[in-house]
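Coordinate analysis (summary)
Listed below are the residues making up each chain.
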Amino acid sequence: MDHTQPKSETTTAIAPIPFDNSYARLPAHFLARVHPTPVAEPWLIKFNRPLAEELGLDADTLERDGAQVFSGNSVPQGAEPLGMAYAGHQFGQFVPLLGDGRAILLGEVIDRNGVRRDIQLKGAGKTPYSRRGDGRAALGPVLREYIVSEAMHALGIPSTRALAAVVTGEPVYRERVLPGAVFTRVAASHIRVGTFQFLAARGDTEGVKTLADYVIDRHYPQIKGQERPYLALLETVGGAQAALIARWLGVGFIHGVMNTDNCAISGETIDFGPCAFLDAYDPAKVFSSIDQGGRYAYASQPAIGQWNLARLAETLLPLLDPEPSEAVNLANDVIAGYGPRFQAHWLAGMKAKIGLIGEEDGDLDLVQGLLRLMKEGQADFTLTFRRLADAAESDTAEHAFAAAFSDPAAVAPWLAEWRARLSREAQAPHDRAQAMRLVNPAYIPRNHRIEQAIRAAEDEGDFSLFEALLSVLAKPYEEQPGFSAYAAPPAPAEEVFRTFCGT
């Protein structure tokens, strides 16, 4: 561990981060200038050196001084710390002012691939948007976000990344007293649907246009110069969300709080508060303790993606066409097109999971038939598809596949239909199985494993389970001898039924 001395005030450090800030140059009402609040005795839990090198940072300096930098005690030269203003629909209810209540954007860097990326501290103290919050984060949510964001990246799903985690040496007060921590997040940007809503709610059409132009320049330059660039922006964001949510469903991920302020314009997965992964398959499954009505249940996520897209469309209406009725028609066409786009992404992903290459009319029925059996048989989502890959290679593996269901005999008719479907494609069994294993992970961030890692860290200061879990999840599609227990579903006593927001 990297222990450091307490700091009484924020200082300016050397420049291990080559900032090139652009959001800070947007109009003043888009943001609030704010510095992190120093903490008592920070020490570095984890530093993602490979990511730091990818970002073009001075990894050696950050490894040495990371406790001070990533706690906010030392603000690197070139940083322009700020909180971003945004609004949002929270569980369907519009809140006109939210903003970064416990997050501070240090600035932006251009990574080694030429991509502009944000570096943000979460839990770094109060901002003008904190309302009644303390601006701090507890250790548990920081570890959860570190684990899940890096796991999502390893799974190949667009996601924000974890650069560092620091314990502050100070308590935070929730239902009980918890150790405080700060999480350093890297994102393509932190612009959300709610960022547009903040400006639109104030009648600031010029601000919406400025933000839209900025987003096009930063994220979607390929649509510049089109006859209707703002319509193209809406279509592109909708397509990115459709593809992203289809990928979520393919690994059994439940975001848990798909408010418009948690919907990133870049198409990345952002904010891992009450998120969770399915164990036994259930399309109505909800883990989030704050989602009392099941608004963001597993199978509801595609429709919520469309709902969020409609809220973005509302903010862009004045830019789509000078005639209001035509603007509405254009927006509605994009929103209506979201469903077929999602369905195409989802079906392609699910067909790959069961080993299909070509197209036949009955493919959707075959996929839905398996999901129906999984629900009825309480089959583990991840384990079922991984074992199906084994069955694609060898008939003898069918027994292990069927054993994942409460009634193994019930899956025999589906297996026969699946075998017949595979026989109509010219692919060697080994090649098919290998392709299936590349889209069906053996390891996911299982909820009980995350909770075990958090409990050990919070209660005993033991980060070994956290480190082990990160190591396994870095290679989710590979069999890892000695770590088979990490692929197993929870025992009844280990099952997690509720996850919680970090605030």
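Residues numbered from 1 in each chain as written. Predicted model: local features only at pLDDT ≥ 70, side-chain atom pairs only at ≥ 80, totals over all residues. Heavy atoms only, no water.

As recorded in an unreviewed UniProt entry, the protein goes by Protein nucleotidyltransferase YdiU and comes from Rhizobium herbae. According to the UniProt record, the Function (unreviewed entry) comment for the protein reads "Nucleotidyltransferase involved in the post-translational modification of proteins. It can catalyze the addition of adenosine monophosphate (AMP) or uridine monophosphate (UMP) to a protein, resulting in modifications known as AMPylation and UMPylation." (UniProt positions renumbered as here; feature names shortened; annotations may be inferred.)

1. Focus on the packing of helix α14 (residues 447-460) against helix α15 (residues 464-473)
Where α14 contacts α15, the axes come no closer than 7 Å and their chain directions differ by 150°. The residues of α15 that touch α14, namely those facing R449, I450, Q452, A453 and A456, are L465, F466 and L469. Residue composition of the contact of α14 with α15, grouped by class: six nonpolar, one polar and one charged. (Axes fitted to C-alpha atoms, helices over the stretch in contact; angles between N-to-C directions. Helix = DSSP H or I, 4+ residues; strand = E, 2+ residues; numbered from the N terminus. Contact = heavy atoms within 4.5 Å. Nonpolar A, V, L, I, M, F, W, Y, C, P; charged D, E, K, R; others polar.)

2. Concerning the nonpolar core
The biggest cluster of nonpolar side chains holds 131 residues, and the ones touching the most others in it are Y23, F196 and W418. When residues of this core are assigned to their parent elements, the largest contribution, 13 residues, is made by helix α6 (residues 229-251). In this view, Y23 contacts F30, L31, L82, M84, E108, I191, T195, L211 and Y214; residues no more than four positions away in its chain are not counted. (Core = buried A, V, L, I, M, F, W, Y, C linked by side-chain atoms within 4.5 Å. Buried < 20%, exposed > 50% of the residue type's maximum accessible area, 1.4 Å probe, protein only.)

3. Points about the UniProt feature "active site" (unreviewed entry) in the protein
Taken from the UniProt record, the annotation "active site" (unreviewed entry) applies to D261. As for its placement among the helices and strands, D261 is situated in the loop between β14 (253-254) and β15 (276-277). Accessibility expressed as a relative area gives 6% for D261, which makes it buried. Setting aside chain neighbours within four positions, we find D261 in contact with Y86, A87, G88, H89, Q90, L98, R192, G194 and D271.

4. So, the UniProt feature "binding site: Mg(2+)" (unreviewed entry) in the protein
Feature annotation in UniProt places "binding site: Mg(2+)" (unreviewed entry) on N262 and D271, given in this structure's numbering. Taking the annotated residues in turn, N262 line the largest cavity. Here N262 lies in the loop between β14 and β15. The class of N262 is buried, set by a relative accessible area of 13%. Setting aside residues up to four positions removed in sequence, N262 forms contacts with R192, H255, V257, I270 and D271. Turning to its location among the elements, D271 is positioned in the loop between β14 and β15. Apart from residues no more than four positions distant in its own chain, D271 is found in contact with K122, E145, R185, R192, H255, D261 and N262. Of the polar contacts made by the side chain of D271, one reaches the side chain of R192; its length is 3.1 Å. (1 Å grid on protein atoms, 1.4 Å probe; cavity = no way out; pocket = protein on both sides within 12 Å on 5 of 7 lines; lining within 4 Å. Polar contact = N/O pair within 3.5 Å; in protein donor to acceptor, adjacent residues only side chain to side chain.)

5. Topic: the environment of L26
For L26, the position within the fold is in the loop between β2 (11-13) and β3 (31-33). Looking at L26, the relative accessible area reads 13%, which means it is buried. With 184 residues separating them along the chain, L26 and T210 place their C-alpha atoms 8.2 Å apart. Beyond its immediate chain neighbours, meaning those up to four positions away, L26 contacts L31, T210 and Y214.

6. A short note on empty space enclosed by the protein
According to the stated counting rule, one finds four cavities of 30 Å³ or more in the structure shown. Size it by volume and the largest cavity reaches roughly 60 Å³. As for the largest cavity, its lining consists of 13 residues, of which Q241, W248, M258, N262 and C263 are closest to the centre. Listing elements by their share of the lining of the largest cavity, those giving two or more residues are α6 and α7 (301-320). At four residues, the largest contribution of residues to the lining of the largest cavity is made by α6. Residue classes in the lining of the largest cavity are distributed as six nonpolar, six polar and one charged. (Points joined across faces, edges and corners; volume = space filled by probe spheres on them.)

7. What to know about the side chain of E108
Tracing the sequence through the fold places E108 in strand β9 (residues 103-110). What makes E108 buried here is its relative accessible area of 1%. A polar atom in the side chain of E108 sits 2.6 Å from the side chain of S22. Of the polar contacts made by the side chain of E108, one reaches the side chain of R116; its length is 2.8 Å. Setting aside chain neighbours within four positions, we find E108 in contact with P18, F19, D20, N21, S22, Y23, R116, R117, D118, Y214 and R218.

8. Observations concerning the pairing of β9
In terms of burial, β9 is a largely internal element, seven of the eight residues being buried. Both β9 and strand β10 (residues 116-122) contribute to a ladder of seven bridges, which runs antiparallel. Opposite I104, over in β10, you have L121 as the bridge partner. Hairpin geometry of β9 and β10 is characterised by an intervening segment of five residues between the two adjacent antiparallel strands and by a positive phi of about 80° at G114. (Pairing = 2+ DSSP bridges.)

9. Concerning the environment of V215
Turning to its location among the elements, V215 is positioned in helix α5 (residues 205-219). Judged by its relative accessible area of 0%, V215 is buried. When the C-alpha positions of V215 and S266 are compared, they lie 8.4 Å apart, and in sequence the two are 51 residues distant. Not counting residues up to four positions away in its chain, the partners in contact with V215 are I191, F196, Y220, L233 and I265.

10. Quick notes on the pattern of salt bridges
This structure, assessed with the given rule, holds 40 salt bridges. Notably, a salt bridge pairs R49 with E53, separated by 3.0 Å at the nearest N-O pair. Residue R49 and its partner E53 are located together in helix α1 (residues 49-54), separated by four residues, close to a single helical turn. Of the residues examined, R49 reaches a relative accessible area of 24% and is grouped as partly exposed. R446 is the salt-bridge partner of D279, the closest N and O atoms lying 2.9 Å from each other. Of this pair, D279 sits in the loop between β15 and α7 while R446 is found in the loop between α13 (429-437) and α14, placing the two residues 167 residues apart along the sequence. Residues D279 and R446 agree in their burial class; the two are buried. (Salt bridge = Lys/Arg side-chain N within 4 Å of Asp/Glu carboxyl O.)

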